[in-house]
Amino acid sequence: MTAVSVEEHAAAVETLLAALTARTAQRIPLDDALGRVSFEDVRSPVDLPLFRNSHMDGYAVDSRSVATTPVTLPVSTIIAAGPTLSAVLAPDSAAKIMTGAPIPDGADTIVPVEDTSVPTAGSVTIERSRAAGEFVREQGSDVRVGTILVESGRVLEPRHISVLAAVGFGEVDVRSRPRVAVVTTGAELVDAGSTLTPGQIYDSNGITLAAHLRASGAEVVSVSRSSDEPSRFREILDAATESAELIITSGGVSMGDFEVVKDVLRPLGGNFGSVRMQPGGPQGITMFDGVPVLSFPGNPVSTVVSYIMFARNIVRRAAGLPPVLSTTAALHEPIVSPPGRRQLLRGRLRDDGRVELVAGPGSHLVAALAWADVLIDIDSETTELAAGTDVEVWPL
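Note that this is a predicted model, so its numbers are computed, not measured.

**Q** What exactly am I supposed to notice about the overall build of the protein here?
**A** Within the protein, the regular secondary structure consists of 7 helices and 28 strands. Counting over 396 residues, the protein shows a buried share of 45%. Within the protein, contacts between residues at least 6 apart in sequence are counted, and of these 70% link residues at least 24 apart. Counting 32 positive and 48 negative side-chain charges, the protein places the centres of these two groups 1 Å from one another.

**Q** Any chance you could explain the nonpolar core here in plain terms?
**A** Generally speaking, nonpolar side chains in soluble globular proteins are found buried as a group. Counting residues in each nonpolar core, the largest one holds 34 residues, and the members touching the most others are L213, I248, L294 and M309. For this core, the elements supplying multiple residues, two or more each, are α1 (6-16), β13 (179-185), α3 (205-215), β17 (246-250), β21 (291-296) and α6 (300-319). Element by element, the count of residues in this core is highest for α6, at 11 residues. With near-sequence residues (within four places) excluded, L294 lies in contact with V13, L16, L17, L246, I247, I248, T249, G284, I285 and A311. Counting residues in hydrophobic clusters, the runner-up holds 17 residues, among them L237, V253, V260 and L265.

**Q** Even after reading the chapter, I still don't get the sheet that holds strand β9 (residues 123-126), so can you show me in this structure?
**A** Pairing between sheet strands relies on hydrogen bonds along the backbone, with the strands arranged either parallel or antiparallel. If you walk across this open sheet you meet the 6 strands as β7-β4-β6-β5-β9-β8, and the pairing is mixed. Either end of the sheet is taken by a strand with one partner, and the two such strands are β7 (109-112) and β8 (116-117). As paired strands, β8 and β9 are joined by 2 bridges and run antiparallel to one another. In the strand pairing of β9, T116 is matched with I126.

**Q** Looking at this structure, how should I read the layout of surface pockets?
**A** Picture a little ball the size of a water molecule; that probe, rolled over the atoms, points out where space is still empty. Taken as a whole, the largest pocket spans an internal volume of roughly 440 Å³. Lining the largest pocket are 28 residues, and of these E188, N205, G251, G298 and N299 sit closest to its centre. Looking at the lining of the largest pocket, the elements that each hand over two or more residues are β15 (201-202) and α6. Classifying every residue of the lining of the largest pocket gives 9 nonpolar, 14 polar and 5 charged.

**Q** Is there a simple way to explain the pattern of salt bridges in this structure?
**A** A pair can form between side chains of opposite charge whenever their charged atoms are brought close. One pass over the structure, following the stated rule, counts 20 salt bridges. In this structure, the salt-bridge partner of E157 is R159, at a minimum N-O distance of 3.0 Å. Taking the relative accessible area as the measure of exposure, R159 reaches 51% and is therefore exposed. Residue R232 is joined to E235 by a salt bridge in which the shortest nitrogen-to-oxygen separation is 2.5 Å. Placement of the pair is R232 and E235 together in helix α4 (residues 230-240), with a separation of 3 residues, close to one helical turn. One continuous salt-bridge network, built from bridges that share partners, spans R348, R350, D352 and E356.

**Q** What exactly am I supposed to notice about the pairing of β21 here?
**A** A regular strand places its side chains on the two faces of the sheet in alternate fashion. Counted residue by residue, β21 has 6 buried out of 6 residues, so it is predominantly covered. Covered by surrounding structure in β21 are V291, V293 and S295 together with P292, L294 and F296, the residues of both alternating faces. Bridge analysis of β17 against β21 gives 4 bridges, and the strand direction is parallel. The partner of I247 across the bridge, within β21, is V293. Two strands pair when backbone bridges link them, and strand β20 (residues 282-288) and β21 are joined in this way by 5 bridges, in the antiparallel orientation. The residue of β21 that forms the bridge with M287 is P292.

**Q** I'm lost on the pairing of β17 in this one. Help?
**A** Burial within β17 is extensive, with 5 of its 5 residues counted as buried. Of the two faces of β17, the one holding L246, I248 and S250 and the one holding I247 and T249 are both buried throughout. Bridge count between β13 and β17: 5 bridges; the pairing is parallel. The partner of V182 across the bridge, within β17, is I248.

**Q** Help me understand the sheet that holds β17, please; the structure alone is not making it clear to me.
**A** Within the open sheet, the 6 strands sit side by side as β16-β13-β17-β21-β20-β18. Their pairing is mixed. At either margin of the open sheet sits one strand with a lone partner, and together these are β16 (219-226) and β18 (271-274). Each strand axis lies, on average, 15 degrees off the axis of its neighbour in the sheet, ignoring direction. Packing of α1 onto the sheet brings it into contact with β20 and β21, and relative to β20 it is tilted by some 20 degrees. Against the sheet, α6 makes contact with β17, β20 and β21, and its axis sits at roughly 150 degrees relative to β21, the strand it touches most.

**Q** Looking at this structure, I do not really get the side chain of R316. What am I missing?
**A** Structurally, R316 can be placed in helix α6. E157 provides the closest opposite charge to the buried, unpaired R316, separated from it by 11 Å. Once you skip the residues sitting within four places of it in the chain, R316 turns out to touch A215, S216, L321, P322, P323 and V324.

**Q** What exactly am I supposed to notice about unusual backbone geometry here?
**A** Both trends apply: most residues other than glycine have a negative phi, and most peptide bonds are in trans. The step from L48 to P49 runs through a cis peptide bond, and the omega angle for that step is -5 degrees. In this fold, P49 is placed in the loop between β2 (42-43) and β3 (53-54). That bond from T69 to P70 is cis: its omega, 0 degrees, falls within 30 degrees of zero. Among the secondary structure elements, P70 is positioned in the loop between β4 (58-61) and β5 (71-79). Positive phi outside glycine occurs at D92, with the angle close to 50 degrees. In this structure, D92 sits in the loop between β5 and β6 (94-97). Overall, the relative accessible area of 56% leaves D92 in the exposed class.

What counts and what doesn't
- Residues numbered from 1 in each chain as written.
- Predicted model: local features only at pLDDT ≥ 70, side-chain atom pairs only at ≥ 80, totals over all residues.
- Heavy atoms only, no water.
- Helix = DSSP H or I, 4+ residues; strand = E, 2+ residues; numbered from the N terminus.
- Buried < 20%, exposed > 50% of the residue type's maximum accessible area, 1.4 Å probe, protein only.
- Contact = heavy atoms within 4.5 Å.
- Lys, Arg positive; Asp, Glu negative; His and termini not counted.
- Charge placed at Lys NZ, Arg CZ, Asp CG, Glu CD.
- Core = buried A, V, L, I, M, F, W, Y, C linked by side-chain atoms within 4.5 Å.
- Pairing = 2+ DSSP bridges.
- 1 Å grid on protein atoms, 1.4 Å probe; cavity = no way out; pocket = protein on both sides within 12 Å on 5 of 7 lines; lining within 4 Å.
- Points joined across faces, edges and corners; volume = space filled by probe spheres on them.
- Nonpolar A, V, L, I, M, F, W, Y, C, P; charged D, E, K, R; others polar.
- Salt bridge = Lys/Arg side-chain N within 4 Å of Asp/Glu carboxyl O.
- Axes fitted to C-alpha atoms, helices over the stretch in contact; angles between N-to-C directions.

As structure tokens, this is what we get:
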């Protein structure tokens, strides 16, 4: 791959990952569905309320028998919430009833307990009349059988889980997540928390890419690290293809010696070269054993910028999530940019709506990623921008 524009490489990645966005349904327990994406419209299998029930603790009566108050009626039965046999209200009587309990046939209103008194055991005095239908929850007054409760493509939130549980769903069909394996490379890398020896650095790219992928709705099936030995890298790739639909690698794609990713994948049809952007110029794409492989440069900032510019929205689309779109903001300070390469600078949105730089363009300046919340996108033809100029920014 010779030097190409960001748009040209993005189009090649889109082609490589076209199959990733065609998803199937996955049936999972409702308990596990929070944050997942509904695969299709979910319709209620039942009416809600399931049956006619009381909105209040009180007395179920025929409204005609309490048209004139006060009136004292015999209490013919007591109905609690829970499993019960169907009840029938005796004429000119009252049934003591609890909130949520089924209303007996023959009753059409509920008199709240606050509007009653008990003169003697087995009777109740109704102090205030109630019209038919008061404090009665009719069957299906909330939801009817067949009502769409959750639309297809909806990210399931606690409110959606609540209604699905209320109508009896124990499982739900969600959009399957794209399965992605991450492979970092470099003999110098060690796990965070290890004791460093001269020449070693902590491997942040594996954890970072996994976090970005999960935030994009992917299932990260493995995070592995390879030495610069081609046989070891090939072994890790072979293992990753057993469960992954996409493999993302970091490192090993530049012009130096020991570029293990390029050395292994280029003879297998991998396309490697430079994209006219900074950071993140060296890039590679390969179809390896039927699994697409995106190969990013190993500098931590370059890895993150590469993911955001080339993979994030494709992974989100596969997961059923909306794309992250760029916006515009005015520059807080002037910017000078070298010609010939699209610059993606770390920036921070200020309270006044302007965007300010938080670091230089160096791909090793990792801490600035934590301080920044956007990438400032400067096209390859621009060399100078004055303060106040509107620029395109990409949310991090």
